[in-house]
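# Overview (structure and organization)
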Amino acid sequence: DLMNDRDLMFLSANKQRQMILNREISSVEMTEVSLHRIEQIEPELHAFITIDEEGALAAAREADTQLADGGVPGPLHGVPIAVKDLEVTKGLRTTLGSSIFEDWIPDYDSVVVERLRSAGAVILGKTNTPEFGNREETFTNIAPTCNNPWDVSRMPGGSSGGTAAAIASGMCSLGTGSDGGGSIRLPASF
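Just so it is clear, the structure is predicted and the values come from calculations on it, not from any experiment.

What counts and how
Residues numbered from 1 in each chain as written. Predicted model: local features only at pLDDT ≥ 70, side-chain atom pairs only at ≥ 80, totals over all residues. Heavy atoms only, no water. Helix = DSSP H or I, 4+ residues; strand = E, 2+ residues; numbered from the N terminus. Buried < 20%, exposed > 50% of the residue type's maximum accessible area, 1.4 Å probe, protein only. Contact = heavy atoms within 4.5 Å. 1 Å grid on protein atoms, 1.4 Å probe; cavity = no way out; pocket = protein on both sides within 12 Å on 5 of 7 lines; lining within 4 Å. Points joined across faces, edges and corners; volume = space filled by probe spheres on them. Nonpolar A, V, L, I, M, F, W, Y, C, P; charged D, E, K, R; others polar. Salt bridge = Lys/Arg side-chain N within 4 Å of Asp/Glu carboxyl O.

Right, let's get into the overall build of the protein. Summing up its helical and strand segments, the protein has 7 helices and 3 strands in all. Mapped in sequence order, the helices and strands of the protein form the string α-α-α-β-α-β-α-β-α-α. For the protein, the proportion of its 190 residues judged to be buried stands at 51%. Sequence separation of at least 24 residues holds for 68% of the intrachain contacts in the protein that already meet a minimum separation of 6.

Below is the structure:
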């Protein structure tokens, strides 16, 4: 039975991984579906600050090659995910939601990102977050305000609102957040 893009992106990350391992879909195909959903929905939601289409497709090709070569798949093998823009990503713009870091391209990964990459995850891009994650809303000087996918006139909470909006709208099945004072708990409840 053919699954549409929306249904595919609302599957759990574990189910998406299993489909890739079973060769029902390639990581490249899964990533293309995710990027297509982002292209359709992002203009209304502003879930991402930076989208890395080229890097995501390269990582997906690598995941498919590893699988074809008999490599041992990681727990997130080939699964496209979103990364909150407070996590430092080597070679990929990391703004921390701040105009001070608007053009920063780090030469190292945070521990979280290192672990995601070693688990085989495909990083789609960096999600919207307020400056240094210091608000319960998701807006910043460098990107449009993130909107709630259930009602775009409302906010998704913060500071992990971009990741929450990306997952809740089916742009991807999984993403990172961080929480010091409600930054995951608020978006989850919103």
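Now that the structure has been shown, the text picks up again.
Next up on the list: the layout of surface pockets. Estimates place the volume of the largest pocket at around 290 Å³. Lining the largest pocket are 20 residues, and of these Ala 59, Arg 117, Gly 120, Ala 121 and Val 122 lie nearest its centre. Of all the secondary structure elements, the ones that give two or more residues to the lining of the largest pocket are helix H4 (53-68), helix H5 (111-118) and strand S3 (122-127). At 5 residues, the largest contribution of residues to the lining of the largest pocket is made by H4. Residue classes in the lining of the largest pocket are distributed as 9 nonpolar, 7 polar and 4 charged.

So, about the side chain of Ser 27. Here Ser 27 lies in helix H3 (residues 27-45). The exposure class of Ser 27 is buried, given its relative accessible area of 0%. With residues up to four places along the chain from it excluded, the contact list for Ser 27 reads Ile 20, Ala 60, Ala 63, Asp 64, Gly 78 and Val 122.

This part covers the pattern of salt bridges. If you walk through the whole model with that rule in mind, you get 5 salt bridges. The partner of Asp 85 in a salt bridge is Lys 126, and the shortest N-O contact between them spans 3.0 Å. With Asp 85 in the loop between strand S2 (80-84) and H5 and Lys 126 in strand S3, this pair connects stretches of sequence that are 41 residues apart. With respect to class, Asp 85 is no different from Lys 126; both count as buried.

Right, let's get into unusual backbone geometry. A negative phi angle is the norm for most residues apart from glycine, just as the trans form is the norm for most peptide bonds. Following Gly 158, the chain continues into Ser 159 via a peptide bond in cis, with omega recorded as 10°. Phi angles above zero are rare outside glycine, and His 46 is one such case at about 55°. Mapped onto the fold, His 46 is located in the loop between H3 and strand S1 (48-51). One non-glycine residue, Leu 96, adopts positive backbone phi at about 55°. Within the secondary structure layout, Leu 96 lies in the loop between S2 and H5.

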